[in-house]
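Spelled out from the first residue to the last, the chains are:
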Amino acid sequence: EAGVAQSPRYKIIEKRQSVAFWCNPISGHATLYWYQQILGQGPKLLIQFQNNGVVDDSQLPKDRFSAERLKGVDSTLKIQPAKLEDSAVYLCASTPQGALTGELFFGEGSRLTVL
Amino acid sequence: AQSVTQPDIHITVSEGASLELRCNYSYGATPYLFWYVQSPGQGLQLLLKYFSGDTLVQGIKGFEAEFKRSQSSFNLRKPSVHWSDAAEYFCAVGNAGNNRKLIWGLGTSLAVNP
């Protein structure tokens, strides 16, 4: 079974530029999460989708971050314009429908460096 | 406030030695507890989880953890550490609610000396 796929793995941009990350969850997984992990910290939930609907985006900085999961499968996270403090690893995770809370399957992450 | 504390930021052990990583939580409801491991450049992988029942849970890679409600702790243990166990370890707590939101600790970085 293929795991959670993310791309790109690494991205370097200058501040005020834009960037987009893509995630393809495990096939059949209804719930998809985007996390931000700053160096030395635990993951911080940015947004959670259930199929193509948003369940929780309370910690998403909506003035610069956006995310979509139009067909309820893959998802894109965009940052525009980027700030220095956005330098982090962006992790995508998924869970199957009905899974007990917390059993997340993570991708390898997309590491963003903002100069 | 809900929180997870991992008191040790960094631990170094010798290969073959025993290991205990500490996790304390503050949570209003019955907690669901998890340990995840993150190897360098990798995503997080679930090591083990506690939902209910036996308070000593077994996980992958020879790890176990014990839930102690009276101490609000969920410490991770391994009797003999291997060099490949060097990684970042995260404790997390959640609930059975619909939003499935996890609260994460800051992680403990484990180094293993040969």
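For clarity, every value in this text was computed on a predicted model and none was experimentally measured. Per chain, the residues get numbers from 1 upward, laid out in the order the sequence is written. A letter from A marks each chain and a number from 1 marks each ligand, given out in the order of writing. Only residues with pLDDT of 70 or above have their local features reported here, since the model is predicted, and side-chain atom pairs are shown and tallied only from 80 upward, although totals for entire chains, interfaces and linings are computed over all residues. The basis for every side-chain value is the complete set of heavy atoms in the structure, and neither hydrogens nor water enter the calculation.

## Quick word on the side chain of A:R64
Residues and elements named next belong to chain A. Put simply, DSSP H or I for four residues or longer makes a helix, DSSP E for two residues or longer makes a strand, and each gets a number counted from the N terminus. With respect to the secondary-structure elements, R64 resides in the loop between strand 6 (53–56) and strand 7 (65–68). A relative accessible area of 10% means that R64 is categorised as buried. One polar contact links the side chain of R64 to the main-chain carbonyl oxygen of P81, over a distance of 3.1 Å. We call two residues in contact when some of their heavy atoms are within 4.5 Å. Setting aside residues up to four positions removed in sequence, R64 forms contacts with K78, I79, Q80, P81, A82, K83 and D86. Relative accessibility under 20% of the residue-type maximum defines a buried residue, over 50% an exposed one, and the middle range a partly exposed one, all with a 1.4 Å probe and only protein chains included. Here a polar contact means two N or O atoms within 3.5 Å. Within protein one must be a hydrogen donor candidate and the other an acceptor candidate, and residues neighboring in sequence count only if both atoms are side-chain atoms.

## A short note on the sheet that holds strand 7 of chain A
Strand pairs in the sheet, formed through backbone hydrogen bonds, run parallel or antiparallel to each other. Residue and element names in this part refer to chain A. Pairing between strands is defined by DSSP: at least two bridges between them are needed. Reading across the sheet, the four strands line up as 1-3-8-7 and stay open at both edges, with antiparallel pairing between neighbours. Strand pairing shows two members of the sheet lacking a second neighbour, strand 1 (5–7) and strand 7, which therefore form its edges. On average, each strand axis in the sheet is tilted by 15° relative to the strand beside it, whichever way the strands run. Of the strand pairs in this sheet, strand 7 and strand 8 (residues 75–79) are connected by four bridges, and their pairing is antiparallel. Of the residues in strand 8, the one forming a bridge with A67 is L77. The axes are straight lines fitted to the C-alpha atoms, using for helices just the contacting stretch, and the angles between their N-to-C directions are given from 0 to 180°.

## Observations regarding the interface of chain B and chain A
Facing 22 residues of chain B, the contacting portion of chain A comprises 28 residues. Buried area: the accessible area, evaluated with a 1.4 Å probe, that two parts lose upon being put together, summed over both parts. Both faces combined, the contact of chain B with chain A buries some 1,900 Å², and carbon together with sulfur accounts for 51% of it. The term salt bridge refers to a side-chain nitrogen of Lys or Arg lying within 4 Å of a carboxyl oxygen of Asp or Glu. Here chain B is connected to chain A by one salt bridge. Between A:E103 and B:K49 there is a salt bridge, and its shortest N-O distance comes to 3.3 Å. Elements represented by at least two residues in the side of chain B that touches chain A include exactly strand 5 (32–38) and strand 6 (44–50) of chain B. In terms of residue count, the dominant contributor to the side of chain B that touches chain A is strand 5 of chain B (four residues). We call Asp, Glu, Lys and Arg charged. Ala, Val, Leu, Ile, Met, Phe, Trp, Tyr, Cys and Pro are nonpolar, and the rest, Gly among them, are polar. In terms of residue class, the side of chain B that touches chain A is built from 11 nonpolar, eight polar and three charged.

## Side note on the state of the cysteines
To count as a disulfide, a pair of cysteine sulfur atoms needs to be within 2.5 Å. Taken as a whole and judged by the stated rule, the model has two disulfides over all chains. Disulfide pairing is shown between A:C23 and A:C92; the S-S distance is 1.9 Å. Since a negative S-S torsion denotes a left-handed disulfide, the A:C23-A:C92 link at about -70° is left-handed. On the criterion of sequence distance, the pair formed by A:C23 in strand 3 (residues 19–24) and A:C92 in strand 9 (residues 88–95) is long-range, its members being 69 residues apart. Judged by its relative accessible area of 0%, A:C23 falls in the buried class. Residue A:C92 is classed as buried on the basis of its relative accessible area of 0%. Here B:C23 engages in a disulfide with B:C91; their sulfurs sit 1.9 Å apart. The S-S bond linking B:C23 to B:C91 shows a torsion near -65°; that makes this disulfide left-handed. A residue pair is termed long-range when its members are at least 10 positions apart, and B:C23 in the loop between strand 3 (19–21) and strand 4 (24–26) and B:C91 in strand 10 (residues 87–94) qualify at 68 residues. In this structure B:C23 comes out as buried when scored by relative accessible area, which is 0%.

## Quick look at the packing of aromatic side chains
Each Phe, Tyr or Trp ring (for Trp, its six-membered ring) is paired with any other whose centre lies within 6.5 Å, and the angle between the two planes then decides the class: stacked below 30 degrees, edge-to-face above 60, tilted in between. With the rule as written, the count across this model stands at 16 aromatic pairs over all chains. Centroid distance A:F106 to B:Y36: 5.8 Å. Interplanar angle 85°. Geometry classified as edge-to-face. In this pair, A:F106 sits in strand 10 (residues 105–106) while B:Y36 sits in strand 5, so the two residues belong to two different chains. On the accessibility criterion, A:F106 (11% relative accessible area) is buried. Relative accessible area serves as the criterion here: at 0%, B:Y36 is assigned to the buried category. Ring plane angle 75° and centroid distance 5.7 Å describe the contact between B:F34 and B:F51, whose orientation is recorded as edge-to-face. One end of the pair, B:F34, is in strand 5; the other, B:F51, is in the loop between strand 6 and strand 7 (56–58), with 17 residues separating them in the sequence. Of the residues examined, B:F51 reaches a relative accessible area of 16% and is grouped as buried. A network of ring pairs unites the aromatic residues A:Y33, A:Y35, A:F106, B:Y32, B:F34, B:Y36, B:F51, B:F90 and B:W104 as a single cluster.

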